Amino acid sequence: MALGGIVKGKKTTLRTPVEGDLAAYNRWMADLRVRHLTKPWHEPAMPATWKEHLKSQTKDKDSILWSIDADGALVGLIRFEFGWGDHSWGWVNQLIVEPDLWRKGHGGDAAVALHRFLFDYLDLRRLNATIRSDAAGALALARRLGYVEFARGHEVHYRDGGYSDELWMLLERPTWEERFAGEREYAPLGAVAAPARSKGGG
Ligand SMILES: CC(C)(COP(=O)(O)OP(=O)(O)OC[C@H]1O[C@@H](n2cnc3c(N)ncnc32)[C@H](O)[C@@H]1OP(=O)(O)O)[C@@H](O)C(=O)NCCC(=O)NCCS
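Only a predicted model underlies this, so the values are computations on that prediction, with no experimental measurement involved.

The rules behind each value
Residues numbered from 1 in each chain as written. Predicted model: local features only at pLDDT ≥ 70, side-chain atom pairs only at ≥ 80, totals over all residues. Helix = DSSP H or I, 4+ residues; strand = E, 2+ residues; numbered from the N terminus. Buried ≥ 20, exposed ≤ 12 C-beta atoms within 10 Å, placed from the backbone. Near = placed C-beta within 6 Å. Axes fitted to C-alpha atoms, helices over the stretch in contact; angles between N-to-C directions. Parallel < 35°, antiparallel > 145°, perpendicular 65-115°, else oblique. Left-handed = near helix turned anticlockwise from the far one by under 90°. Contact = placed C-beta atoms within 7 Å. Nonpolar A, V, L, I, M, F, W, Y, C, P; charged D, E, K, R; others polar. Core = buried A, V, L, I, M, F, W, Y, C linked by C-beta atoms within 7 Å. Pairing = 2+ DSSP bridges.

## Here's the deal with unusual backbone geometry
For Asp-71, which is not glycine, the phi torsion reads 50° and is therefore positive. Structurally, Asp-71 can be placed in the loop between strand E4 (63-70) and strand E5 (73-83). Look at Asp-123: it is not a glycine, yet its phi comes out positive at around 65°. Among the secondary structure elements, Asp-123 is positioned in the loop between helix H4 (106-121) and strand E7 (126-132). On the basis of neighbour counts, which here come to 13 C-beta atoms within 10 Å, the residue Asp-123 falls in the partly exposed class.

## Quick word on the site of the ligand
For the ligand, the set of nearby residues contains 23 residues, the closest of which are Gly-107, Gly-108, Ala-136, Gly-137 and Ala-140. Elements with a contribution of two residues or more to the shell around the ligand: strand E6 (86-97), H4, E7 and helix H5 (136-145). Among the elements that make up the shell around the ligand, the one with the highest residue count is H5 (6 residues).

## As for the packing of H4 against H5
Relative to each other, H4 and H5 sit at 40°, their axes nearing to 10 Å. Considered as vectors, H4 and H5 are oriented oblique to each other. The chirality of how H4 crosses H5 is right-handed. Taking contact as the criterion, the partners of Gly-107, Gly-108, Ala-111 and His-115 in H4 are, on H5, Gly-137, Leu-141, Arg-144 and Leu-145. Partitioning the contact of H4 with H5 into residue classes produces 3 nonpolar, 4 polar and 1 charged.

## Brief notes about the nonpolar core
Judged by nonpolar contacts, the single largest core of 38 residues is most densely connected at Leu-14, Ile-68, Ile-78, Leu-114 and Ala-142. Looking at this core, the elements that each hand over two or more residues are helix H1 (22-30), E4, E5, E6, H4, E7, H5 and strand E9 (162-172). Element by element, the count of residues in this core is highest for H4, at 7 residues. With residues up to four places along the chain from it excluded, the contact list for Leu-14 reads Gly-4, Val-7, Trp-66, Ile-68, Ile-78, Ala-110, Ala-113 and Leu-114.

## Side note on the pairing of strand E8 (residues 148-159)
Across the 12 residues that make up E8, only a small minority, 0, are buried. Note: E8 against E9, 8 bridges, orientation antiparallel. Looking across to E9, one finds that His-157 is bridged to Ser-164.

Structure below.
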């Protein structure tokens, strides 16, 4: 997969990343508001290094990277990783929205579009996420999608003079289908009638 194609949400669109996006990626990875809540995809670096990262991502068959657009402008990125040796499950490795645009619904819309693609189109069976206990936005998003906590690392991350936990969360396909039953973007596999065979065809 490596680089994702177009996946449309209601107010955001996931699209193939291009070199012109890399300056914003670099800025987000350096932004303390982002670094406070999640592990950066890569450390801030020179443009040539970012081009190398994008080139490597292009060759990575076990993950997918998208840029997120809204109102015709770049507003974030998503990176998804498939399970090791098993592409029937995976986890959201990165979901970052431009910090100046937080709480306008971009993250939620992009996350629903992504999960539609993963469950309804790629037919995955379950997704994991690890979220820090003080990442209020990410937790609200995950819970709205139906993720439930199944394990917890205690006092994993230290900052601001104290520790925060790390929540391990799981979303199984039946939960997704129950919650978003009426909102399918892609027909279920097998629901599309096979084209009629011509007489004598083999
Ligand atoms: C998580 C993130 C992508 C959310 O993006 P966003 O565009 O602000 O998301 P939305 O505006 O769609 O808000 C999503 C939900 O989070 C809630 N939320 C967002 N920020 C919040 C905050 N600081 N405190 C409490 N709730 C918050 C919103 O109210 C909304 O809840 P709802 O679905 O119940 O209405 C963004 O905060 C971000 O980039 N964070 C840094 C990286 C990160 O933590 N990524 C997740 C790692 S998996």
